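Results of the structural survey
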Protein chains: 2
Amino acid sequence: MTSSRTTTSYALLGLLGLRDWTTYELARQVQRSLHWFWPRAERKLYDEPKRLVADGLATATSGSTGKRPRTVYGITDAGRSELARWLDEPSAGRANEFEALVKVFFADAGTLDQLRTTLDRIVAESTQRVTDLADNLDVGLASPAFPARMHLNVLVVRLQVEQELTVLSWARWARAQVETWPSIHEPDEWDAAGLLATLVGECRAAADG
Amino acid sequence: MTSSRTTTSYALLGLLGLRDWTTYELARQVQRSLHWFWPRAERKLYDEPKRLVADGLATATSGSTGKRPRTVYGITDAGRSELARWLDEPSAGRANEFEALVKVFFADAGTLDQLRTTLDRIVAESTQRVTDLADNLDVGLASPAFPARMHLNVLVVRLQVEQELTVLSWARWARAQVETWPSIHEPDEWDAAGLLATLVGECRAAADG
DNA sequence: GGTAGATACTGCCCTGTGCAGTATGAGTGA
DNA sequence: TCACTCATACTGCACAGGGCAGTATCTACC
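Report follows, based on the coordinates. (Residues numbered from 1 in each chain as written. Chains lettered and ligands numbered in written order. Predicted model: local features only at pLDDT ≥ 70, side-chain atom pairs only at ≥ 80, totals over all residues. Heavy atoms only, no water.)

Residues and elements named next belong to chain A. Within the secondary structure, Ser9 is located in helix H1 (residues 7-16). The buried category is assigned to Ser9, whose relative accessible area is 1%. Of note is the side chain of Ser9, whose polar atom sits 2.7 Å from the side chain of Glu48. Discounting residues that sit within four places of it in the chain, Ser9 has contacts with Glu48, Arg51 and Leu52. (Helix = DSSP H or I, 4+ residues; strand = E, 2+ residues; numbered from the N terminus. Buried < 20%, exposed > 50% of the residue type's maximum accessible area, 1.4 Å probe, protein only. Polar contact = N/O pair within 3.5 Å; in protein donor to acceptor, adjacent residues only side chain to side chain. Contact = heavy atoms within 4.5 Å.)

Here it is, written out as structure tokens:
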């Protein structure tokens, strides 16, 4: 019986469509590419291929390196057509988790210093992510794993870059704003309603355009 | 014994810090505000307050509307100090789930038409989100639930708006690019490596700046 | 009196996370 | 040659979280 498949199933099936992988290789590849828009724990990546095999979408070839087991997974024809079929399905909406932003949102439960620290950390983490992304891309440029797929990579990577840059520049802006606040409760000299109205205007303009 | 707390615990504790709520009200409020950066299923929002009460961080007042039960939750002093303490903790990194982008990434398992449809859907969903966001903000401007918290709202909302606008403009760009492709495998006239190099440059500049 | 929509939950099964634990293999230097 | 480190290759367990179905009652309106 074919059990129900999740996006994770298809994400791995997609990778198997490119070449054969061991689970360990899959785990590392997922960290490098898919992780940016479909983050999954390594643990799951050891379970999922077994389900694909059970459903006839993938093959498992058991070998060994000395005494250590080594399972290589590949895609089947059924897997390829199931993957192609999945591309037609409507997708789930985006979901963004950003714990630090929850802390910003409830900052008035604490002190101004705490908010400043939170924003400093966001700036630092964001800078790190941007740097990591650039490093990844450099490696990809120097020795592309799948040169024939560069165009699709560019589509996806461009969004990643723009998202990361958006967060980074927002974080710097927010940190600068908060610097001038006299207290966590009163922003002083701040036309919050005006800023909000401007944001609404930008949304309307973008939605119409 | 105090069980371990999750970010969801603190998110709800934060709302309880603003005023008392019934679980139903909490669920609706979470959809309106927190959902954009800490999405959680309604189901979870019925379990979590009970844990907060068990840990002494919240109070539950059982009442009724006729025969229907009605539990109002509030925060305790212990809850307030625990919330303030939490603000000091380092946060988990961001996590973005974007199923449709997985489909874009593996688009060469299907046809060019499928990719175009996927991108069309992303544009549509993104436009909807931007519109919803603007509607929410309009309501918030007209009758703010917590006027004294407008400044924190603006900080958070600005990131939401910029993220949504980033996705929308990316989606439109991507759709336009793909329009010119002769096949899913060859982009024609496309300097993918050059585009990638430009993106890397932007990352480096932003990380340094 | 009927009915649609809002309110107020619970149970169940599954996915997914995080962490600890258990190995072996390959490379490096003392 | 031995020890050490890091990479490879998994498994078990407990708990967080998601999605869906199910079960009520209340309010407003016709």
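Structure's up, so let's keep going.
With 98 residues of chain A in contact, the opposing surface of chain B contributes 98 residues. Our count for the contact surface shared by chain A and chain B stands at 10 salt bridges. The salt bridge partner of Arg149 of chain A is Asp108 of chain B, with a shortest N-O separation of 2.9 Å. Taken together, the links from chain A to chain B amount to 41 residue pairs in polar contact (both at pLDDT 80 or more). Sorting the residues of the side of chain A that touches chain B by element identifies H1, helix H4 (77-86), strand E4 (95-97), helix H5 (99-105), helix H6 (112-142), helix H7 (150-179) and helix H8 (192-208) of chain A as the ones contributing at least two each. Split into classes, the residues belonging to the side of chain A that touches chain B amount to 59 nonpolar, 18 polar and 21 charged. (Salt bridge = Lys/Arg side-chain N within 4 Å of Asp/Glu carboxyl O. Nonpolar A, V, L, I, M, F, W, Y, C, P; charged D, E, K, R; others polar.)

DNA strand C sits among 23 residues. The nearest are Arg51, Lys67 and Arg68 of chain A together with Tyr24 and Arg43 of chain B. Tyr24 of chain B places a side-chain nitrogen or oxygen 2.5 Å from a phosphate oxygen of DNA strand C. Thr71 of chain B is positioned with one of its backbone polar atoms (N or O) 3.4 Å from a phosphate oxygen of DNA strand C. Those elements that provide at least two residues to the surface near DNA strand C are helix H3 (42-54) of chain A together with helix H2 (23-32), helix H3 (42-54) and strand E3 (68-75) of chain B. For the surface near DNA strand C, the element with the highest residue contribution is E3 of chain B, accounting for four residues. In terms of residue class, the surface near DNA strand C is made up of five nonpolar, seven polar and 11 charged. (Near = heavy atom within 4 Å.)

A few words now on the pattern of salt bridges. One pass over the full model with this rule turns up 38 salt bridges over all chains. Ionic pairing is found between Lys103 of chain A and Glu99 of chain A, a salt bridge with its closest N-O pair at 3.6 Å. Taken together, the positions of Lys103 of chain A and Glu99 of chain A, both in helix H5 and four residues apart, correspond to about one turn of that helix. Given the relative accessible area of 9%, Glu99 of chain A is considered buried. Glu164 of chain B is the partner of Arg129 of chain B in a salt bridge, and the nearest nitrogen-oxygen pair spans 3.0 Å.

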